[in-house]
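Chains, contacts and geometry: an overview
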Amino acid sequence: MTEPSGETAPEAPEDVAPTEDVREDVRQGTAEPEEPGTAEEPASAEEPAPAEESTSDEESATGEESPRAGESATGEESPRAGEPTPAQEPAASEESDGPAAGDAAPEPEPEGPDAAQASPEPAGAEHGADGGAVTGTSDTPELSDAQAELAAQRELRARIEARKAEKEGPLASGAKLSGTAADLLAAVRAVEGGAASGSAFYEAPEPAPRRTAPEAAPAMTVRPPVPAQAPAPAPGTTAAVREVLAKGGAPEALVGQVAAALGEGAAQALLDDPWQLLAVSGVRPEQADGFARALLGAACGPDDPRRTVALTVWLLERAALQGHTALEIDAVRAGLARHAVPDAGSAVEEAVSAGAVLVFQEEEPAEGDPEEDEEDEGHEEAPGAAEAAAEPASPVLLGLDRYALAEESLADGLARLVKTATADTWEGSELERAAGAHGLVLHTGGEAARAEPVALAAAARAHGLRTLVAVHADGGRRALGPAGTDAVTVAALLSGAAGPGRDEEGAFALDLLVVLDAPQLDVETAAMLVESLPDGCRLVLSGDPAVLGAPGAGQVFDDLLAARVCPRIASRVPDPGPLGELVSGIGAGELNQVEAPGKEIVIVPVRDAGEAVHRTVQLVADSVPRAIGVPAEQTQVVTVGHGGSAGTRALNTALKERLNPGPGRFGGYDPGDRVAYAPVPGRTVTGTVVSADAEGLRLRCGDEELLVPKERVESALRHGWALTAHQAAGLRWPAVVVVLPGDAAGGLSRPWVYTAFGRAERHLSVVHGVDQALPRAVAEGAAPERTTRLRPLLEALLAVPEE
């Protein structure tokens, strides 16, 4: 029996067929269901004839219904099942099982659509076998119970035949159904008649298109929680790794890093391939070779495929630390040769065939006039011309899949934003007008120019757009002043710790995202950010292209500027004061003498590294607080590297001894120590040690408290009175002391000097021991180029056709 759409039919007994009339009457509101126990007892226990019982069972098995009340041989029909009227729906939902087979039939009720206006039938009226009414007189002999049962069975068979004929015929004109409902009924009948398959009802729905324009208020989901720290390796895993490392002569201090890098099967992985030890940061090929010899003995050699594959991956990982997302194949071969690989070419092929690295060769469009090419047809080529034409137009690159996928995903995401943004006319500054007309806009300028994208965000909010400003580090948010209250860090935005929620598709509920410090975006972070933006959202990337690039792989901002696939707005707002004048000159390649009447800039010459450390401690602890009025806790030291006689390690040791002496009873740290914490490679968070417990060190970083697990203290935490320029990028302090010892000359470049000097807001002291290396670096020291694939990918997706 077909139930009204959206309802679930109750489980019916096997002998439900004789009660069908009552059920249909209940649906149409022409009869009330009987209460349990109110049905009359049958006067006879006579069972239906076998043929009649078989007919009823067949109907139930095929899912066919008996005709409803009101369907007669004259063709009149009542509303069908599945077409309930408002008055019928409540009755259908309250439908009862009705009396069981063998119960006496209820007294006849008026039937059909016009039953309300029909006159009651004369007493003793019955239904004939053809379904029509048979009227009799008062002297008509009364039928026995057996005869009445037989008459009911004949009526039932007649209704079944009439319903079958109706289903096989076309939909009658003038029926109450039309449009989609009529089509659906016709499809149902086709399936019931065997003309169509039931699978026709399960057509795959078309995927809902993503939002192509900003919507007023998308459905919001609960913001995802901040991801917890990776769980510590199981004790069994660490014990097995410790045993394997001891067998191979590796230090026990690597246990935690190996278990984290290789997972639960770390011990077996090392036994099968000892060069997997190179997956741990800081392990060099010579150390991995010694570990392999201790485990494998004579079974290993310099051309072992396991060694060559691991070395190839290691070379590309090291290149990523220097900003490359790929390397030219010749550079990889040269690196393998330096590590005693006999056949570097075969080693590269082995790594590619093993799927450890990927091969790329960007296609460049052919240049030249098509007409000239046609004229050249038929001319004999000069010797060697074919070989020259066969040479690749671009170098063959090798890369790791994580960076390759990130660059391709980023390029696709940026192209999506460009193509789905709806152009609009915004009034205001040049930046505001560009943001209104385009989905992607680049903005360049110094520290003072940061006010322009912040003003853009404020104007967009005033127009009702969902807008957010994101910065690289928490210090950059505080530097915005009152406007930084609503700003978030990129890391907090991606983790869900701050910012808007996400819609049902997992995209941020934003119409405009403004990202400051955009040069600090590495390719993986940028890809995650762009993937989280909905279609139609506008993205404004703002930053100073003269600063050091991202500490991770890629150069997203520089590649976008070079690709010329979107508007680029250059700020004309100069950085104020003597510090602004000095930094602006460095950006132009000139180290100018700047007047600093308020001691904004002080040069402290030194002869050697020892004197550089001594003068640095004196400046931070005494001179700057006394002469400038900036306390030691607001003064930051910036130097070239971690190692060396005046690197961050040496300087932090001296500064701790002076500013916060202590035994370092918590893994070398004491409460009150300034620290630099790297929760992930390439991102540094500065803070102060608050306390320590069994879980690890607890830090105060701005307005937040962080926990550094004890197993990560050694690898992810450093003292933070002195930082490198890469660590300091995106942050600013009231006073900065830049240390340039004599052995740092080789690490200087114009972007390095520009970044280090630009971290100071009020005062800059330069501990100068590099003589002419400083002006030479400013004039000539360009930053090393990075090998990336983002620019050609963007140009291929967003190429502007030439007129």
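Here the structure is a predicted model, which is why all the values come from computation and not from measurement.

Thoughts on the side chain of Thr616
Here Thr616 is to be found in helix α23 (residues 609–628). Not counting chain neighbours up to four residues away, the residues in contact with Thr616 comprise Val637, Leu651, Val737, Val739 and Val767.

Notes on the pairing of strand β16 (residues 696–701)
Where strand β15 (residues 683–692) lies against β16, four bridges are found, and the strand directions are antiparallel. Bridge pairing in β16 places Ala692 opposite Leu697. Turn length for the β15-β16 hairpin, with the two strands adjacent in sequence and antiparallel, is three residues. Two strands pair when backbone bridges link them, and β16 and strand β17 (residues 704–709) are joined in this way by six bridges, in the antiparallel orientation. In the strand pairing of β17, Leu697 is matched with Val708. Two successive antiparallel strands, β16 and β17, enclose a turn made up of two residues, where Gly702 displays a positive phi of approximately 65 degrees.

Side note on the pattern of salt bridges
Side chains that carry opposite charge are capable of pairing whenever their charged atoms lie near each other. Under the definition given, this model contains 23 salt bridges. In this structure, Arg572 and Glu430 form a salt bridge, with 3.5 Å as the shortest nitrogen-oxygen distance. Taken together, the positions of Arg572 in the loop between β11 (568–570) and α22 (577–587) and Glu430 in helix α16 (residues 430–437) put the pair 142 residues apart, joining distant regions of the chain. For Arg572, a relative accessible area of 69% corresponds to the exposed category. Lys656 is the partner of Asp673 in a salt bridge, and the nearest nitrogen-oxygen pair spans 3.0 Å. Note that Asp673 is positioned in the loop between α24 (648–659) and β14 (674–680) and Lys656 in helix α24, a separation of 17 residues in sequence. Assessed through its relative accessible area of 0%, Asp673 is described here as buried. The network of salt bridges with common partners includes Glu447, Arg450, Asp517, Arg732 and Arg759.

Focus on empty space enclosed by the protein
This structure, assessed with the given rule, holds six cavities of 30 Å³ or more. Its boundaries defined by the atoms lining it, the largest cavity holds a volume of some 180 Å³. Around the largest cavity sit 19 residues that line it, and Glu447, Arg450, Asp517, Gly543 and Asp544 are the ones nearest its centre. Of all elements in the fold, only β6 (440–444) and β10 (538–543) reach the threshold of two or more residues within the lining of the largest cavity. A class-by-class count of the residues in the lining of the largest cavity yields five nonpolar, nine polar and five charged.

Some remarks on the side chain of Glu407
The topology assignment puts Glu407 in helix α15 (residues 401–420). Dropping the residues within four chain positions of it, Glu407 is found in contact with Thr325, Val523, Thr788, Arg789, Leu790 and Leu793.

Let's talk about the packing of aromatic side chains
As enumerated under the stated definition, the model contains zero aromatic pairs in all. Above the plane of the ring of Phe360 lies Arg789, whose end atom (NZ or CZ) is 3.9 Å from the centre.

Quick word on helix α27 (residues 750–757)
Taken across its eight residues, α27 has seven buried, putting it largely inside the fold. Within α27, the full set of buried residues consists of Pro751, Trp752, Val753, Tyr754, Thr755, Ala756 and Phe757. Packing partners of the buried residues in α27 comprise α22, β13 (635–639), α26 (725–728), β20 (733–740), β21 (760–768) and α28 (773–780).

Quick word on the environment of Ala744
Relative to the assigned elements, Ala744 resides in the loop between β20 and α27. On the accessibility criterion, Ala744 (6% relative accessible area) is buried. C-alpha separation for the pair Ala744 and Ala609, spaced 135 residues apart in sequence, amounts to 9.6 Å.

Some words on the sheet that holds strand β18 (residues 717–719)
Reading across the sheet, the five strands line up as β17-β16-β15-β14-β18 and stay open at both edges, with antiparallel pairing between neighbours. Of all the strands in the sheet, just β17 and β18 have a single pairing partner and so form its edges. Geometrically, the sheet is characterised by an average inter-axis angle of 40 degrees between neighbouring strands, direction not taken into account.

A short note on the packing of helix α10 (residues 305–321) against helix α11 (residues 329–338)
Running from N to C, α10 and α11 cross one another at 120 degrees; their axes reach a closest spacing of 10 Å. As far as their axial angle goes, α11 and α10 are oblique. Classified by chirality, the crossing of α11 by α10 is right-handed. Within the contact between the two elements, α10 uses Thr308, Leu311, Thr312, Leu315 and Leu316 and α11 uses Val332, Gly335 and Leu336.

Re unusual backbone geometry
Residue Ala340 is not a glycine yet carries a positive backbone phi of 65 degrees. Structurally, the position occupied by Ala340 is in the loop between α11 and α12 (344–353).

Some thoughts on the confidence of the model for the protein
Model confidence for the protein is summarised by a mean pLDDT of 76, while 67% of its residues fall at 70 or above. Across residues 196–229 the pLDDT falls below 50, and counting only partners more than four positions away or on other chains, this stretch makes 62 contacts in the model. A low-confidence stretch, residues 366–390 stays under pLDDT 50, and its non-local contacts, those more than four residues away or across chains, total one contact.

Overview of the nonpolar core
Membership of the largest hydrophobic core comes to 83 residues, with the highest contact counts inside it found for Leu245, Val258, Leu336, Leu410, Leu513, Leu539 and Leu541. Of the residues forming this core, the biggest block, eight residues, is contributed by α10. The contacts of Leu539, once residues within four sequence positions are left out, are Leu414, Leu417, Gly439, Leu440, Val441, Leu513, Val515, Val530 and Leu533.

Cut-offs and rules
Residues numbered from 1 in each chain as written. Predicted model: local features only at pLDDT ≥ 70, side-chain atom pairs only at ≥ 80, totals over all residues. Heavy atoms only, no water. Helix = DSSP H or I, 4+ residues; strand = E, 2+ residues; numbered from the N terminus. Contact = heavy atoms within 4.5 Å. Pairing = 2+ DSSP bridges. Salt bridge = Lys/Arg side-chain N within 4 Å of Asp/Glu carboxyl O. Buried < 20%, exposed > 50% of the residue type's maximum accessible area, 1.4 Å probe, protein only. 1 Å grid on protein atoms, 1.4 Å probe; cavity = no way out; pocket = protein on both sides within 12 Å on 5 of 7 lines; lining within 4 Å. Points joined across faces, edges and corners; volume = space filled by probe spheres on them. Nonpolar A, V, L, I, M, F, W, Y, C, P; charged D, E, K, R; others polar. Phe/Tyr/Trp six-rings, centres within 6.5 Å; stacked < 30°, edge-to-face > 60°. Lys NZ or Arg CZ within 6 Å of the ring centre and 35° of its normal. Axes fitted to C-alpha atoms, helices over the stretch in contact; angles between N-to-C directions. Parallel < 35°, antiparallel > 145°, perpendicular 65-115°, else oblique. Left-handed = near helix turned anticlockwise from the far one by under 90°. pLDDT = per-residue confidence, 0-100. Core = buried A, V, L, I, M, F, W, Y, C linked by side-chain atoms within 4.5 Å.

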